[in-house]
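Inside the fold
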Amino acid sequence: MSFSQSTTSQALHLQREPAHATATIGAPLLQAQHVVMDYYAGSAIPQSQPQQQQQASPSPFADHIALRDVNVSIQAGESVAIMGPSGSGKSTLLHCLAGILKPTSGQVLYQGTALSSRSDTERTKLRRSDFGFVFQSGQLLPELSALANVALPLMLNGQSFGEATAIAAKWLNACGLAGLFDRRPGELSGGQSQRVALARALVIQPSIVFADEPTGALDQQTGHMVMDMLTDATQQNHCALVVVTHDIHVAQYCSRILTMQDGQIIEEQTL
Amino acid sequence: MKTLWRLMMLLYAPARTTRNNRHTVSPTSILAVLAFATTTAMVLTVLSGLHAFMLRAKAAHAWDALTSASSTSQADPLDLMSGIYVTLAIFACLILLVPIGTLGGAAARLAAHRRDAQLSALRLAGATSMQVTWLTAVVAAGQALTGSIFGIIGYIAAMPIIKLLRFQNREFTWQELWLGIPTLLLVVLVVTVLALCSALLALHRVIVSPLSVSNRTTPSALRHWRAWLMVILIALSIGLFRSPWASSALGIAFIMIMITACFAVLNTVGPWVIHVSARRMMRHPSSAAHLIALGRVLDDPKRAWRNIAGVALAVFVCGITALCAFFASDSGNDITQQIFLHDIGLGGNLTLAFATILAAVSCAIAQVSAVFDAQREYRTLVLSGTDMRTLDRARLLEVWLPLRAVVLVSIGCVCVLLFPLVGAVVFMQPITLIAFAFGIVLSMSLVLLAVTASHLVAHRVVRLDRREDD
């Protein structure tokens, strides 16, 4: 399945004024300040660890400290890649930025407000209404058609099935998936599935899209196709993009690359 | 065989535990053992009832033979009805076969639960497909063996309660309820072998490759012939029930067989009813929870049916026991008849209780199993802002929507089947209707409660505070 870059460029820009357009000009959209994440401390206790171990002295490898004093600023419409080897803390940083994890210390500000000051329910609502997510796999419900999968976030936000499917259909068309509305994820190729996931992330018109290894399960050619679409769609909708990846070729699609190691940002590169 | 044994020892033998390396039993294994234990305990308890009535019938016939030369007038009239009690007990066993089989099947599926990562890793390490299949099946059989041993303990623990029940105007004795060591061993063997076969059958439907585990087949579409089968059987039953022949002893036996057959056919029709009603509702789901629930129901209507099959049976049993309650209240001063009808009512209520417990346990097991199967999807949904309340509601609706449709169809079948036998007057009596409605509401509530219990597992599975590979 192929699609034309120019067609996509036109098609992926859809209607509504993004919610974040009202954000204060110049102020970062999202900001991590001195973020430390220790999985043994506070709320973030790994499920697999027995209770006694939580109180034990830290392991000599201290592998439970995933982030050490991380500072990041992301502007509206900007695209940032987070790179680094396994265990460097990339996904933990993404989860902290998205309000999924509460950092042990430091804070994450979204539109100037600390995420930690919001309740769990408020953060869940925020993720549903302002943030889009694309993962490596397992993000589409296998029992639902492509159309229903894309309509789901809108229904979660309270829209009717009729309205939600009408909007979802437009986004699927924009992602070059016309004619595949009734297919289930199991009946789609890897690239098609990721495009459905992309449509699902964008359908709520988010301020930021968080993508965790979005091309990890794809071949190189399909991976480039998905990244083209992801960056085009986010730029045209004035939506920030945060991509976690191992792949430098994927990272080069972004305007800035942060390299992590042992829970710290060791290098920042602007392209 | 030697390699298989080595693989088993490598994977499942108790490891030398250290502070950082504790050997833990997976929740699915515990649930599978629990399900096998419940199945075995139920089978043994039902069999012990049958055994008791057979012993009583045997004793009555011996008494009858001793006194037949003179007169049978001194024998207890209830003893003379022992044969009917045995027939009714067999009837109860027959109708409990389906929910017991359903629970056993659910347990076997859970035991053979696709440990995708582990199975694929074994294939990647060089184990053959056959070795991996047998390894999983043998583990399932091991869980069945453990569960059935716990089931025996459950059966023995329940004996003092069962002993208190009064049938034929007297309590059971220990001797009547004790099935004997050979029978217990036989039941353990049967449960284990059935689990092994069921696991092999389940694994036949999946392909375990070095990279993943996937389904070999997709579920086939459900056809209309299922509904026609039910209609034909009900028509045949009504014809039989209306014939004068129905009042004979053989006729009564046939009535029971036909009711059992109708229930068996309901097992074929149930998934079709669920499919049709869910497809209709899927045109305009009213919320995100409805959308998720209906998607899962339509994905596999047979699985949705298995969740609630026990309640459909409970509706049948409710109908019969409600009628008994009516006849018992209307039996005048004939003590023997009153006791007989009381016993039928009590037997019906016991069957109803067993069917409901089996349905609730099956449903809980199936839901928990489904949570483990879909944990990755649940987790990503929660990551992207789906609240747990929506997912809990979706799981509840996944059971409630088919349950509602199937209960309505079952009530219709019961009324159509029993109407020619007893007439319209009985259905107008408040006592019949109250007993009927109470039984149905109770069994539905228990099943929904079981689904609620699976929420705890789901909340645990989708916890977001553990570190991933980053």
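This text follows the structure it describes.
Residues numbered from 1 in each chain as written. Chains lettered and ligands numbered in written order. Predicted model: local features only at pLDDT ≥ 70, side-chain atom pairs only at ≥ 80, totals over all residues. Heavy atoms only, no water.

Now for the overall build of chain B. Per the secondary structure count, chain B includes 17 helices and 4 strands. Pairs at least 24 apart in sequence give 82% of the contacts found in chain B among residues at least 6 apart. Looking at chain B as shown, the accessible area adds up to about 22400 Å², and 69% of this sits on carbon and sulfur atoms. (Helix = DSSP H or I, 4+ residues; strand = E, 2+ residues; numbered from the N terminus. Contact = heavy atoms within 4.5 Å. Areas by Shrake-Rupley, 256 points an atom, 1.4 Å probe, with all protein chains shown as cover.)

This part takes up the packing of helix H7 (residues 190-202) of chain A against helix H8 (residues 220-236) of chain A. Residue and element names in this part refer to chain A. At a minimum axis separation of 10 Å, H7 and H8 run at an interaxial angle of 15°. Overall, the two elements H7 and H8 adopt an arrangement that is roughly parallel. The interaxial crossing formed by H7 with H8 has right-handed handedness. Counting all contacts with H7, which are made through Gly191, Gln194, Arg195, Leu198 and Leu202, the residues of H8 involved are Thr222, Met225, Val226, Met229, Leu230, Ala233 and Thr234. The class makeup of the residues in the contact of H7 with H8 is 7 nonpolar, 4 polar and 1 charged. (Axes fitted to C-alpha atoms, helices over the stretch in contact; angles between N-to-C directions. Parallel < 35°, antiparallel > 145°, perpendicular 65-115°, else oblique. Left-handed = near helix turned anticlockwise from the far one by under 90°. Nonpolar A, V, L, I, M, F, W, Y, C, P; charged D, E, K, R; others polar.)

Residue and element names in this part refer to chain A. Counted residue by residue, strand E7 (residues 208-212) has 5 buried out of 5 residues, so it is predominantly covered. With burial as the criterion, each face of E7 is covered, one bearing Ile208, Phe210 and Asp212 and the other bearing Val209 and Ala211. Where strand E6 (residues 131-134) meets E7, 4 bridges bridge the pair, whose relative direction is parallel. Each bridged residue has a counterpart across the sheet, and for Gly132 the counterpart in E7 is Val209. As judged from the 5 bridges shared by E7 and strand E8 (residues 240-245), these two strands associate in the parallel manner. The partner of Ile208 across the bridge, within E8, is Ala240. With H8 bridging E7 and the parallel E8, this β-α-β connection has right-handed handedness. (Buried < 20%, exposed > 50% of the residue type's maximum accessible area, 1.4 Å probe, protein only. Pairing = 2+ DSSP bridges. Right-handed = clockwise from strand over helix to strand, strands pointing away.)

What follows deals with the sheet that holds E6(A). Residues and elements named next belong to chain A. Read across the open sheet, the 6 strands follow the order E6-E7-E8-E3-E9-E10; overall the sheet is mixed. Looking along the sheet, the strands with just one partner apiece sit at the ends: E6 and strand E10 (264-270). Neighbour-to-neighbour, the strand axes of this sheet turn through a mean angle of 20°, independent of strand direction. Where strand E9 (residues 256-261) and E10 come together, 6 bridges link them in antiparallel fashion. Looking across to E10, one finds that Thr259 is bridged to Glu267. On top of the sheet, H8 reaches E7 and E8; it is set at about 155° to E8, its chief contact.

Within the element layout of this structure, A:Thr124 appears in helix H4 (residues 120-129). Within polar-contact distance, the side chain of A:Thr124 engages the backbone oxygen of A:Asp120 at 2.9 Å. Not counting the four nearest positions on each side in its chain, A:Thr124 is found in contact with B:Gly385, B:Thr386 and B:Asp387. (Polar contact = N/O pair within 3.5 Å; in protein donor to acceptor, adjacent residues only side chain to side chain.)

Let us now look at helix H6 (residues 129-163) of chain B. In this model H6(B) runs 50 Å from its N-terminal to its C-terminal C-alpha over 35 residues, within 8% of the 51 Å that 1.5 Å per residue would give. The largest bend along H6(B) measures about 30° and falls at B:Ala157, with the proline B:Pro160 one to four residues further on. (Expected span 1.5 Å × (residues − 1). Bend = angle between axes of the 7 residues up to and from the residue.)

Right, let's talk about the sheet that holds strand E5 (residues 113-114) of chain A for a bit. Each strand in a sheet pairs with its neighbour through backbone hydrogen bonds, running either in the same direction (parallel) or in the opposite one (antiparallel). Residue and element names in this part refer to chain A. If you trace the 4 strands from one edge of the open sheet to the other, you get E2-E1-E4-E5, paired in antiparallel fashion. Where the open sheet ends on each side, the last strands, each with one partner, are strand E2 (65-74) and E5. Sheet analysis places strand E1 (residues 30-38) next to strand E4 (residues 105-110), joined by 5 bridges and oriented antiparallel. Its bridge partner being in E4, Gln33 is matched across the sheet by Gln107. Sitting on the sheet, helix H3 (residues 90-97) is in contact with E1, E2 and E4, with an inclination near 55° to E2.

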